[in-house]
Structures are given as C-alpha cells and as structure tokens.
Amino acid sequence: MNTRIGRQTVKIENPPVILDAAAIVGVKEGQGPLRDSFDKILTDDTLGEKSWEKSESTLQRQTALLALEKAHLKQNEIDYILAGDLLNQCVGAHYSVRDLDIPFLGLYGACSTMTESMSIAGMLIGGGGAQRVMCLTSSHFCSSERQFRNPLEYGGQRTPSAQWTVTGAGCAVLGAKGDGPKITHVTTGKVIDKGVTDISNMGAAMAPAAIDTLSAHFNETGMKPSDYDMILTGDLGVIGSDILTELMLKEGFDIRRNHRDCGKLIFDIEKQDVHAGGSGCGCCGSVFCGYIFKELKRHNLKKILVMATGALMNPMVVEQGESIPAIAHAVTIEN
Amino acid sequence: MIFLKAFIVGGLICAVGQILIDKTKLTPARILVTFVVLGVFLQLLRVYEPLVNFAGAGATVPLTGFGYNLCKGAAKAVSEQGFLGIFTGGFTSSAGGIAAALIFGFLVSVIFRSKPKK
Amino acid sequence: MKNEMTNKEYNEYIKTKTPNSKIFSNCAKAFLVGGIICVIGQCIIWLYEKWGLDKESAATCTSITLIFFGALLTGLDIYPKIAKFAGAGTIVPITGFANSVVSPALEAKTEGMVLGVGAKIFTIAGPVILYGIFASAIAGTVYWIVSLF
C-alpha cells in the first residue's frame, strides 16, 4: 500500500527494490571522473547510426537490454517500462522500446525523467499493480544540441552559464521482491517558473523547482537534511547548485555538507571545458544507474535522496517571449 | 601598410561584434543581420566608403562590407535603371557572394557529415 | 518557498550568481582572429589584382574565395574549433556567413536533400539575405527619390 503523507509526498509501505541498474555513456563522459563506474563507454557516439536521433534511441535500447541482462530477467517478466528523453515526441524512447515486448508508458519530464520514472514505478509496485518495472532515460549531446540550440558545426560560443548535455543513458529495474536498495518515499514536484528566459542558464531556471520540492519533502516527511548521506540533484550544475544550497539555507535547511549534483560529478568541469557542468536526462540517468547505484550496493551510502530537475523548455515558445518552467521530483532510497 | 590597416580595422569590427554578443545576449544570427543592415545604412550615410578606401579588406570582409556592397549596388542600379533599380540593385551586387555561399554550402553538405563534438 | 522572492527579485539574484563572459579577453581574441581573416582577404585581393582583375571583380572573387574556405573548413569540422576560441572574430567576417549557411544544411542531410539540406540551408542565411536586400531596397528608394530632384 501507498500512504499519502502530505500534499506532494507518498510513503510506500512495501517499498520496491532496485534490483539492478545499467549505465552507458558517450566518449567525453567516459573520460570524466566517473569513468570506472559506468557499465559501458561508447567508442563512437553515432553508435553506427545514420542520424543523431537514431543514435540516441539505440543507446537507450542497448542500456535497457543491458539492465535486463544484469538483473537476469527476460522481457516477459517485466510488467511496465517507463521511459522518456528530451527529444520531440520522445523519439529516443519510442524507437528504443519499439523492439521490446513490454507494456510501455512514455514520460516527458525533461531532465527530471529518471526520478519521475522511479516515482511512478515505485508507486505502481507499491500499490500492487506491477511486480517488476523498468525505468529508462537518455540524452545525447548531438540530438539535443540540434533540437534546442545551434547546428553542431555552427561556430557559436557557449556562455559561462551554459551546460553540456550528457551523452548517456540509465536504466533501473525495480521489483516488488528481492535484495537491494529500496524506494521508500516519493515527493512529486509542481511546475515552478520564476521568469528565467535565458536558455543558456538552465541551472538558474531549475533551482526554484528544486527548492520547492526539497522543502516540501522535508516538511511533509519530517526528515532533516542530516538524515541523508547524500542529497543528489540531477543537473543543476555549478550555478544551480550554488543557488539551491544558498536559498535552502534561507528556508532553514542546511544541505551544504551532503549535497551533490550529477552535472558536477560526471565531468571535470575545468579540464573538460563544460562551463557550468553536465545536463540532460542521461546525466542523472547514467550517474545514478552507474556510480550511485554501485555505492548503494557496496553500502557506502545508506540513505539518499535523489532529485532530478527538469527545465521544461521549448525553444519555439521561448522565442515567443515565454519564460522557462521547471520541475523537480524526489525519491528517497534506503538500503 | 594596407595589410596592417586591414588587420586593425577588421579586428576592431569583430571586437564590436564580440561586445554585442557578450553584453546584449544577441544570438549570432541576430549579430549577422545587424551587421549587414548596419553596413547598408552606413554606406547610405556615405560613412563606409571612406573606411573601405582606408582599410581595404579590413572593411569589406566583415559582414558590414556585405551591406556596403548591397547599398552600392542599389545606388548604381538606380542611377542606371531608375525606379527598377530599387529591386534589382541589391541582388545584382551580392549575386556572387550569395550564389557562392549556396553552391559551396550545398556541395559541402553533400560531401561531409556532421561529427560528434568533444 | 517560504522566503518567497518575486520573479524580478529572483532574476536580479541570479545575475549575482552567474559569471559574466570574460569580455576583455573575448574581445582580444575576436580582434586577433577577425583581423587575421581580413589580412588573408587583403592578400587574396592583392593576388587577384596582380592577376589582372579590376578592383570590383577582385573584391567579388575574394568574397567567393573566403566563402569557399569558410564552407570547406566547416565541413572538415575545423571552423567551429577556431570559432570556439575566436567568437565574433569568426562570426562577423564573411567566412562566418558561409559557416552559418553550411552548418544547418550539413546537419539536416539526415532529413533528405529537399526539406533537409534545401530548406535548412536558409535557416540563418535567410534572415541575413532578407534584411540585407530589404535594407538595400530602402537605400535604393532614397537614391531614387534624390535622383528625382
């Protein structure tokens, strides 16, 4: 059973287990500090495909199949696959699951998709509607760049606040029974828009959503920041993380000690010249399913909060003068 | 000497573009449009021609030079054809540049493919 | 949020958190590379004039030559690497126009030759040509009105 304990938070009484997880990343990500924690590092970011959109969906499919293999499960043992990505009509997900024989629910939460999918999967399993669910997401630098910004060969300069979209995918397999870290609480975010219009400053656009969800989580669960070994955000990057920790302090929650951000972890910010850090669904996806999941398995982390943030940005609507709405979803994971 | 003048004037025009990008958050596409239109009007005010005579390629290679060329074409066409020149002048003078951009652009697009970035 | 900020306050606040572009060094780089491209242009003009072209033809041929190299270096993925360093130094010269024509077309090849390459080749070049020609028509109108008196 799931118990609603607040306006935004659900406590899962029979918490689902993260049975296994797989992460595949691109060439540049494979040169970063977390290179040893990924299951596979691509040698060619095209994956042999003719278009970047196809490359991304192949990346997603390979990650899903790898996760199944690692969990020793077959496709017909999975009740749902929840997947999404950044591309229009979620083509990354739709073309990756096309070849799978698993009931599918498509999600769009921009870069928050990893925790959005784990939230829904957690409640599905906790509510008894499913035994095993896969949570899958990806992003690809080349397909994102062409959809959201400039052509790849275009000679523009990135501003200091710009973030680098991670080429990577993560897939977590959740089950009702088994050994492993469990999802105990789910806090669902609201769409928050503080009027940021700069599409090269996603961290600043997403930070208010992160603050809103995180405050709601602490207030509704009665937990404190110190209850967690780590509070992991998705891709706030350098600027967004700075804003989050500072404004959370004003809200009365000191997360400076245990806050980490996937966008800051995945790259060596200075050496790899990624300006404000990594971003994209695949950022939280690959860092959580790669590095963090392994740390949980080794019991180096006991209890963590994972909160991926998404900038729900459409370049066309931003051109029309609109600002960038954002969202953040949080899940508590306990060993 | 003309080479030094070209370097300094061309460099300065680019530096102005850089200030516009950094200070106003104008996207590069808008910078291109701004520079071309600016070149047209500077020539209309007879400011650009002296700069071209002074700095040569330093004034013609930046996109303001493209605008200067458009304006000069309009002046020439109007003096030769009257009213009709308003319509033919711009394209006549820029025909070589635009055709080259399209032809080479097309050929390069056919031959090469976009590559992943690191 | 308990300490609710208005949108305006928040946008003011994030300005203090967002690093500014290093405008001085960016301008120096733009100056250097832009200047060098113009000097190369001057060399090409000099060559064409030496080969007997008149001043105007030499200028047009120089533009065409620079556009050729801008397009080729974009295809070879070299232009964006210079541009990362040079910023406006590679955007403002005519080679930058060539880059803005090639880059969207090159990438759109996956959508076919007509609606991919054919349509996207004008993504950035289109506005430049439109407003350039429109401005030239305004200039032409001025010249025409002046010629009436």
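All values derive from a computational prediction rather than experimental measurement.

Draft legend 1. Summary view of the side chain of A:H185. Residues and elements named next belong to chain A. Note on placement: H185 falls in strand β10 (residues 182–187). Among the polar contacts listed, one links the side chain of H185 to the side chain of T184, at a separation of 3.0 Å. In this structure H185 touches I5, V10, K11, H217, T221, M223, A330, V331, T332 and E334, once residues within four positions along its chain are discounted.

Draft legend 2. Representation of the interface of chain C and chain B in the model. In this complex, chain C contributes 67 residues to the contact, which on the side of chain B involves 69 residues. Ranking the residues of chain C by area buried against chain B places C:F31, C:V92 and C:Y143 at the top, with a combined share of 12%. Inspection of the region where chain C meets chain B yields zero salt bridges. The tally of links between chain C and chain B comes to nine residue pairs in polar contact (both at pLDDT 80 or more). The set of elements that each furnish at least two residues to the side of chain C that touches chain B consists of α2 (23–50), α3 (55–75), α5 (88–91), α6 (94–107), α7 (113–120) and α8 (125–148) of chain C. The dominant element in the side of chain C that touches chain B, judged by the number of residues it contributes, is α2(C), at 17 residues. Of the residues in the side of chain C that touches chain B, the class split is 47 nonpolar, 15 polar and five charged.

Draft legend 3. Structural detail: the environment of A:P160. Tracing the backbone shows A:P160 in the loop between α4 (141–148) and β8 (164–165). Residue A:P160 is classed as partly exposed on the basis of its relative accessible area of 24%. Separated by 16 residues in sequence, A:P160 and A:S144 place their C-alpha atoms 19 Å apart. A:P160 has contacts with A:H275, A:A276, C:P19, C:N20 and C:S21, leaving out every residue within four places of it along the chain.

The rules behind each value
- Every chain is numbered on its own, with residues counted from 1 as its sequence reads.
- Just so you know, chain letters begin at A and ligand numbers begin at 1, following the order they were written in.
- In keeping with the model being predicted, local features are shown solely for residues with a pLDDT of at least 70 and side-chain atom pairs are shown and tallied solely at 80 or more, while totals for entire chains, interfaces and linings include all residues.
- The basis for every side-chain value is the complete set of heavy atoms in the structure, and neither hydrogens nor water enter the calculation.
- Helix numbers and strand numbers start at the N terminus; a helix is a DSSP run of H or I with at least 4 residues, a strand a run of E with at least 2.
- For this analysis, a polar contact is any N or O atom pair within 3.5 Å, provided that within protein one partner can donate a hydrogen and the other can accept it, and provided that sequence-adjacent residues contribute only side-chain to side-chain pairs.
- Any two residues having at least one pair of non-hydrogen atoms within 4.5 Å are treated as being in contact.
- The term buried area refers to how much accessible surface (probe radius 1.4 Å) is lost by two components on association, counted for both of them together.
- For this analysis, a salt bridge means a side-chain nitrogen from Lys or Arg found within 4 Å of a carboxyl oxygen belonging to Asp or Glu.
- Amino acid classes used here: Ala, Val, Leu, Ile, Met, Phe, Trp, Tyr, Cys and Pro are nonpolar; Asp, Glu, Lys and Arg are charged; the rest, including Gly, are polar.
- We call a residue buried when its accessible area falls under 20% of the maximum for its residue type, exposed when it is over 50%, and partly exposed in between, using a 1.4 Å probe and counting protein chains only.

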